[in-house]
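Coordinate inspection notes
These are the residues of each chain, in order.
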Amino acid sequence: MGRARGQGARAEGPGRARLPLRRSLLGRLLAVSALVAACSVAATAWIAVQTTSGAIKQEQGQNLTADARIYDTLLEYAARNPTWDGVGATVRELARESGRRVALTTQSRQPLADSATAATAPALPPQASAVVDPLSVDTVLAARGTDGQRTAADRIDPRAVGPFRLSTADSTALRRTADAEVACLNRAGIASDVVVGASGRPRVQIVGNDPERALGTRCDLAALDTPTRSEQKALDALTALADACLKRQGREGVRLNNDLSWGDPVPVTVPGEPGAVAPRPVPAPRDAPSEQAAPSVGMPERTGENDRAIASCVGTARSEQLSSYVASPALLFIGDEGGATLPGFDLSPANTAKIAGAAALVLALTVGASVFAGTRLVRPLHALTGAAQRMRDGEQPASVPVSGDDEVGRLAAAFNDMSAHRARLEEQRKAMVSDVAHELRTPLSNIRGWLEAAQDGLADPDPAFVSSLLEEAVQLQHIIDDLQDLAAADAGVLRLHPEPVGVRELLSQVAAAHQARAENAGVTLTVAVAATDPEPALRADPVRLRQAVGNLVSNAVRHTPEGGRVTLSAYASDDSEGGGEGDDEGKACDGTVVIEVQDTGSGIPAEDLPHVFDRFWRAEKSRSRRTGGSGLGLAIVRKLVEAHGGAVEATSAEGEGSTFALRLPAGTEPAGP
């Protein structure tokens, strides 16, 4: 049942389906690469947008402030001059201060002034930055240009005073009066200053938030409220224009006060306005006279509708009156010297498509590179997987190509080494099974033959018969014991019982045990350790060490012809630094004890020397009992020496003999369990 199950599992190997892409290494590599690329693109785009947007907002804010200053300066010029003649110097100065290009044109785009220094000025953009018109002020730019002190509803620039501008003589006379009033207020303990408006009319401004304190003094504050002759003339003309507008609407005329309000003037405090006491303000020049003018007509009924109509007509009348005193509207263009306007971040469909295309290109390149790298990475892994499956299915192992000296290449090289080693082990296993069968078959066949002969009456069970059966049984037991020792050594369970060992005595015991066999073979067996030499200190398992040396002696006697010599010797080899000739004991304790078995036999060919310690190896391939043993003796020697923490080596010259040397740590515990 288990065998059928194993065959079924083996049959699935060659037909195993490839892993789906989502579970394969290539798929995971692609997914990680795409994710990393997408996150990188998104993070880079977000950082770029945030940084660019912040820089653009900052630059736009700075440019807007500078543009508002330019607009306010040109607006003041238009409010004070009836034409744009001579504005070129102002435009060039503004361009120099702001580092921008400033250009003025008429509403039909006829140039009035341009700060461009190139011989051929770049074309102006299709849309103007602003319209400079003192009678219709851009409230946003005007509020920035005047630090927010102008109301959004006042569309006429307060610096456009037209016929209300005082002459030098009138302004000087009123200034003397204002200085006298300020001196009077200062004597009364009220701080005040003289403020001159755009028309040239001075006013007294009380310092503090309680201007009504001046009403209790003897200072004649009303002296500044009397309009001059030119102001009264201008006010009468404005009133006439407003009345004409109202009459066209079928409404009654209006009586305008000096501050351009209508109705009875009520003295009130005006917070933030210059002057100590002033009537209630309406859209008008801030420095208009505050004295009540003579009424021109009776006041109409005060209703919300009438007030709206009067305010509209007063505004129209002011624009009509000032139109001849201010410059005509002009288009203002502000930009860079190259002709560019304010920078911006335009995410138009075209720009969006460019960003998406760039991101897609990055992702495509990332995925392409990942596919290329992943394919090169996975291809040798597929080859390794296929080779491993073929080895599992019992096919002949084959090497895989090594692509390079990288990690995958080293893995392929290691797999090839493992495959070759496995093939060698398989060959050794097959040879070992054959050798074990051969070694066991010979004594078993002999025992069976003798027993069958006794059963058939062909042989008598005399002592010679029993001795022959016993010899074959001992040989069989010897092979089984050797196999058991090798198995225990391979499993690491070979038991050692270390104790101090006298090397000279151990070699004498081994020589005595093999002396009879050596004499029968005509071989001289000697121990070359003089009694006067210092004996090397050694701690080992004496039984296992005698077994190892005995195997070497038995092997040497077997391969040494008659008249030859086998010599056992031992000495201390100093492997540590600092040893000297006079310190023999130190050398024996700190170095290595070397036990040598040297023979004068036929020697071992150079090509066979690396295999002498392999199991069941014989130089004579016929495996005759007369020329060799089981082929396990030298393999057992190597395992026993390695269990003691030592090493065994062999040197040989063909036709001269061989030397086997056991190198054991001197005075140390063996490495066995």
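Notes on the structure in this doc start here. Starting afresh in each chain, residues are numbered from 1 along the sequence in its written order. Reporting in this predicted model follows two pLDDT cut-offs: at least 70 for local features of residues, and 80 or more for side-chain atom pairs to be given and counted; totals over whole chains, interfaces and linings ignore these cut-offs and use all residues. The side-chain values count all of the structure's non-hydrogen atoms but skip hydrogen atoms and water molecules.

Moving on to the sheet that holds strand β15 (residues 657-665). Strands are treated as partners if at least two bridges between them are detected by DSSP. Helix and strand assignments follow DSSP, with helices taken as H or I runs no shorter than four residues and strands as E runs no shorter than two, numbered in order from the N terminus. Strand order in the open sheet formed by five strands is β10-β12-β13-β15-β14, with mixed pairing between adjacent strands. At either margin of the open sheet sits one strand with a lone partner, and together these are β10 (524-527) and β14 (647-653). Each neighbouring strand pair of the sheet contributes to a mean axis angle of 15°, computed without reference to strand direction. Judged from the eight bridges that link them, strand β12 (residues 565-573) and strand β13 (residues 592-599) form a sheet pairing that is antiparallel. Paired with Tyr-571 across the strands is Val-594, a residue of β13. Contacts: residue pairs with any heavy atoms within 4.5 Å of one another. Angular values range over 0 to 180 degrees, each being the angle between N-to-C directions of two axes fitted as lines to C-alpha atoms, with helices fitted over their stretch in contact. Contacts between helix α11 (residues 503-520) and the sheet are confined to β10, β12 and β13, with β10 contributing the most and set at about 170° to the helix. Helix α14 (residues 633-643) contacts β14 and β15 of the sheet and is inclined by roughly 25° relative to β15.

Attention now goes to the state of the cysteines. Put simply, a disulfide is two cysteine sulfurs that come within 2.5 Å. Applying the stated criterion across every chain yields a total of two disulfides. Here Cys-184 connects covalently by a disulfide to Cys-219, the sulfurs 1.8 Å from one another. Around the S-S axis, the bridge from Cys-184 to Cys-219 shows a dihedral of about -95° and counts as left-handed. Of the two residues, Cys-184 sits in helix α5 (residues 168-187) while Cys-219 sits in the loop between β5 (202-206) and α6 (229-248), which places them 35 residues apart along the sequence. Relative accessibility under 20% of the residue-type maximum defines a buried residue, over 50% an exposed one, and the middle range a partly exposed one, all with a 1.4 Å probe and only protein chains included. A relative accessible area of 10% means that Cys-219 is categorised as buried. Linked covalently through their sulfurs, Cys-245 and Cys-313 form a disulfide whose S-S length is 2.2 Å. Its torsion about the S-S bond being -65°, the disulfide of Cys-245 and Cys-313 is classed as left-handed.

Once that is clear, we can look at unusual backbone geometry. Here the phi dihedral of Arg-109 falls at roughly 65°; this positive angle occurs in a residue that is not glycine. Residue placement: Arg-109 occurs in the loop between β1 (101-105) and β2 (111-114).

Note on strand geometry: in a regular strand, side chains alternate between the two faces of the sheet. Extensive coverage of β5 is indicated by the burial of four of its five residues. Relative to β5, strand β4 (residues 192-196) is paired through five bridges, and the arrangement is antiparallel. From the neighbouring strand, Val-195 faces β5, where its bridge partner is Arg-203.

It is worth spelling out α11 at this point. Taking 1.5 Å of rise per residue, the 18 residues of α11 would be expected to cover 26 Å, and the 26 Å separating its terminal C-alpha atoms lies within 8% of that figure. A residue's bend is the angle separating two fitted axes: one through the seven residues that end there, the other through the seven that start there. The sharpest bend along α11 measures roughly 50° and falls at His-514. If you check which residues of α11 are buried, you get Val-503, Arg-504, Leu-506, Leu-507, Val-510, Ala-511, His-514 and Ala-518. Buried positions along α11 lie against β9 (499-502), β10, β11 (537-540), α12 (542-558), β12 and β13. Phi turns positive one or two residues past the end of α11, at Gly-522, with a value near 75°. What a helix should span is 1.5 Å times the count of its residues minus one.

By the bridge criterion, four bridges tie β10 to β12 in an arrangement that is parallel. Across the sheet, the residue bridging to Thr-524 is Arg-565, located in β12.

Two pairing modes exist for strands in a sheet, parallel and antiparallel, and in both the strands are linked by backbone hydrogen bonds. Here four strands make up an open sheet; going across it, the order is β2-β1-β8-β3 and the pairing antiparallel. This sheet does not close on itself; its edge strands, each paired only once, are β2 and β3 (130-132). Between one strand axis and the next, the sheet turns through 25° on average, direction left out of account. Here three bridges tie β3 to strand β8 (residues 330-335), and the two strands are oriented antiparallel to one another. Counterpart to Ala-130 in the pairing with β8 is Leu-332.

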